[in-house]
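Single-letter residue listing:
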Amino acid sequence: MTAAGRRRWLPAGTGALATLVTLAALVTVVTLVAAPPALAANPIQAENAQPGDGYWRAALRDPISAHPPIQGYAGATSVRPGGTISFAVSTPAGARYRIEISRLGWYGGAGGRRLGCLVGSRLDLTCTSDEPGVTQAASPAPAPGTGETAAGWTMTDTLTVPGDWVSGYYLAVFRLTSGPDAGVTGFTPFIVQAPVGDHSAILVQVPTNTWQAYNTWGGEDFYTTPEAVKVSFDRPYAHRLLFSWEYPLVRFLERGGWDVSYATDDDVDADPGILLNHALDMSAGHDEYWTKAMRDGWDAARDAGVNLAFMGADNANWQVRYEDGRRTMVGYKYLPDPGSDPAQQTTMFRNLTPSRPECELMGVEFQGTVIPGTYLPYTADSAVATDPWFAGSGITPGTVLAGLGGYELDAITPGCHVPPVTPLLSYSGPPVKSNFNGAPTYADAARYTACSGAEVFATGTLQFSWGLSSFRDPIYATAPVPVQPGLQQMMTRALADLTVSHVPSPGPPDICVPAPAFSVPAPWAAVGARVSLDSASTDAYGVIGEQQWTVAGDGVSVHTAGAEAVATFRRPGAATVALRVTDTSGAAATLVKTVRICACPAPPARGGWPAGAAASAACRLGGLGSVRHAGDRWWFGPAAAIHRYAVTVERADSAGGPVRVIRLGRRETTRAAVLPIARPGTTDLIDISAWIAGRLLQQQFVVPGARRPRTATRPWPVAQTTCSGVSGRVLAPVFGGAGGVPLRVLVSAPGRVAVRVTSWRRRPLQRRVRVAGRDVVVSFPAAEIGAGRVTITVSSPGRGGGRVVLRGVHAGLRAPAVARRRRGRYPYG
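Residues numbered from 1 in each chain as written. Predicted model: local features only at pLDDT ≥ 70, side-chain atom pairs only at ≥ 80, totals over all residues. Heavy atoms only, no water.

1. Looking at the sheet that holds strand β17 (residues 318–323)
Here we have four strands laid out as an open sheet, ordered β12-β18-β17-β15, and mixed in their pairing. Edge positions in the sheet fall to β12 (230–232) and β15 (289–291), since each has one partner strand and no second. Strand-to-strand, the axes of this sheet are offset by a mean angle of 40°, without reference to chain direction. Alignment of β17 against strand β18 (residues 328–330), held across three bridges, turns out to be antiparallel. (Pairing = 2+ DSSP bridges. Helix = DSSP H or I, 4+ residues; strand = E, 2+ residues; numbered from the N terminus. Axes fitted to C-alpha atoms, helices over the stretch in contact; angles between N-to-C directions.)

What follows is the structure, given as structure tokens:
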């Protein structure tokens, strides 16, 4: 069947058909292994319907030896249909041979099928031909300093893969057909990938890097003494590692007819994007050595919503890199890596800077290797009681599954940056490990749901596949690990679930929402001050992708992105700061806080407040200077630290005439300014502005009108501010009288505000208002206010310390123009 005819996996939400298919898979009762639901026979089902044979078993028959009569290797780890792959074969002098090509699978229990024999570049379907052999050079000595051994042989045979060959594990069995060793075989495995653009439900990653890490051909590998730091793919294999844990998994998958295709470690390194084309990516067996590109690709697949399954242990533990066009693998396991790129250092992923522990991908982490010949039981955890994967399996909490634990183990690791991991099957007990200095032994088969909705499952043990298939490599023939029908049923249901997309709609699971956090100035921010807002947001199980700030209030509006925002507030009162944090999975959360804006400016950057001024926690400011009176002269005397100021005098006469504004302008001086206050019968507002270190400070005084001049008087301020977030300002120097000029007070505060007016002739007046982001003007009719001096108190009930006391004068004015002019003139009005 061509790729175009392959059944595609159905994402969640595809429609009623997808729902029915999924439900059918979950409720089917299966005795041993159930075939998955299908719209039509997929390539795996069609291939395994072919009759199988036992020719592939030659790879298990002849013992592995240092110098076998016939041996060879492939020039690549994989090939696509229609592509070519070459082999280098070495035989005794004068011997003849052929290469038998078999595909591994189920095939009704036969386990494999021979597809033909390669003779030179011709595929002989009858397997009756052979060819003269070539005696290749003996293995060279390991390279000094690296231990690398590359055979460097001449390629003797080239296979053009037919276009209808189905993706899978293939064996090239090298068989001598003449001479004293006739019938003796050697072999090398290779992978046939699916055609480009394949979207099979499952992609199995084949651990070809680990095959080479354990390959001692030529004398050294990553585990010999001395150990190699570079290993070559251009050499025969001195082991049959694939039959230990991968082949039982392949038999289970293909017996179930799952829509599966295969790719090697270096295939994924070359194109990590292939991981995005499937509902489920599966790591097979002992997949220990990964490159940075592989880890990046698997992380990206999970974050895109692709489900993951790790069907072995000690996976993704060590980072390696390639050289020579991916034909040499570099791994400085026990020596300092001379490479200059920290991200490409060949060490354990958890030891990189920054650290990338494998548990942050798989949910479990490598714990150690048990003593050879130890087969630990897995016990079902409490979660299986309600877990749909275990429904109908007969596995209930406390069920013991014999022998699954070993020989390498992974377990849930506390503190790992990953959503909560659910243990399904586990082992814990006294030390039985051959490393880690006698520490207790732990292992977990576990699952978690990623922030993208992807489900991630890890078996936590290399021997898990032995519970799925009865096949054993001859070296494990006596292992007491029976096939587990309940485990087969559980894994069938798990695959039915994992081959359906779990990307949630409209977004990731709630647990994965990021936690926005930032601080605002406490207890207040000053008018005119530059305020930095720094994000302290976290994402416990994901990665923050975007941070968006919105700062809004009277006089400020900021919209910016990033971990920091800068705002300058122009008016007193309150402003809101909102931070929306979105992670790479699309989950978002917003935090909103209120900033209290102090009406007095912030202290100067240098030198502190001027002499006579105070800056306490309540930011009570005074002392820019004083207004004095002697005889008929009035003047303003600046405080000692004031070197630059401006004076404005606003005069309203008691006859109700227009307000007169007199500006004295800026003065670069420390000398006093004579004020134009010379006649009785007027009320004058004196506004002082001073600049200190580029910051504007203000203070106001009112000189009440009098029919007889006094020799001296103490001016009263008409506005005063405390920076607990509460401020008030009288919008006219005088009010009341026959003209009906109201008392109008501009107030700012976060929340409720009370304005109280006290006069010695009248009962106190009070208004309560709510301030919601903008200043509010509170008005008292003139008729309610007694003549003379009044005290205005602005407070925020229940906030403690939020209190402003103002002074004002009732002077019998009639002109309403006073109030109108005052409102437009004040910078805060």
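2. Describing helix α9 (residues 485–498)
In this model α9 runs 20 Å from its N-terminal to its C-terminal C-alpha over 14 residues, within 8% of the 20 Å that 1.5 Å per residue would give. Of all the 14 residues making up α9, 13 are buried; the element is thus mostly covered by neighbouring parts of the structure. (Expected span 1.5 Å × (residues − 1). Buried < 20%, exposed > 50% of the residue type's maximum accessible area, 1.4 Å probe, protein only.)

3. Points about the pattern of salt bridges
A full pass over the atoms with the stated rule returns 23 salt bridges. Notably, a salt bridge pairs Glu100 with Arg98, separated by 3.8 Å at the nearest N-O pair. Arg98 matches Glu100 in its accessibility class, with the two residues each being buried. Between Asp296 and Arg356 there is a salt bridge, with the nearest N and O atoms lying 2.9 Å from each other. Here the residue Asp296 occupies a position in helix α7 (residues 292–303), and Arg356 occupies one in the loop between β18 and α8 (359–362), the gap between them amounting to 60 residues. Judged by its relative accessible area of 30%, Asp296 falls in the partly exposed class. The exposure class assigned to Arg356 is buried, which follows from its relative accessible area of 18%. Several salt bridges share partner residues, and in doing so they unite Lys292, Arg295, Asp296, Asp299 and Arg356 into one network. (Salt bridge = Lys/Arg side-chain N within 4 Å of Asp/Glu carboxyl O.)

4. With respect to the side chain of Glu358
With respect to the secondary-structure elements, Glu358 resides in the loop between β18 and α8. For Glu358, a relative accessible area of 1% puts it in the buried group. One polar contact links Glu358 to Arg350, side chain to side chain, over a distance of 2.7 Å. Not counting chain neighbours up to four residues away, the residues in contact with Glu358 comprise Arg295, Asn315, Ala316, Asn317, Arg350, Gly363, Val364, Glu365 and Phe366. (Polar contact = N/O pair within 3.5 Å; in protein donor to acceptor, adjacent residues only side chain to side chain. Contact = heavy atoms within 4.5 Å.)

5. Quick look at the packing of aromatic side chains
Scanning the entire structure with this criterion turns up 28 aromatic pairs. Ring centres 6.2 Å apart and planes at 65° place the aromatic pair Phe187 and Phe243 in the edge-to-face group. With a gap of 56 residues between them, Phe187 in strand β10 (residues 185–192) and Phe243 in helix α5 (residues 242–255) connect regions that are remote in the sequence. Assessed through its relative accessible area of 10%, Phe187 is described here as buried. Residue class for Phe243 comes out buried when judged on its relative accessible area of 0%. Both rings, one in Tyr247 and one in Phe471, keep their centres 4.7 Å apart while their planes meet at 85°; by these two values the pair is edge-to-face. Remark: Phe471 occurs in the loop between β25 (455–458) and α9 and Tyr247 occurs in helix α5; sequence separation between them is 224 residues. (Phe/Tyr/Trp six-rings, centres within 6.5 Å; stacked < 30°, edge-to-face > 60°.)

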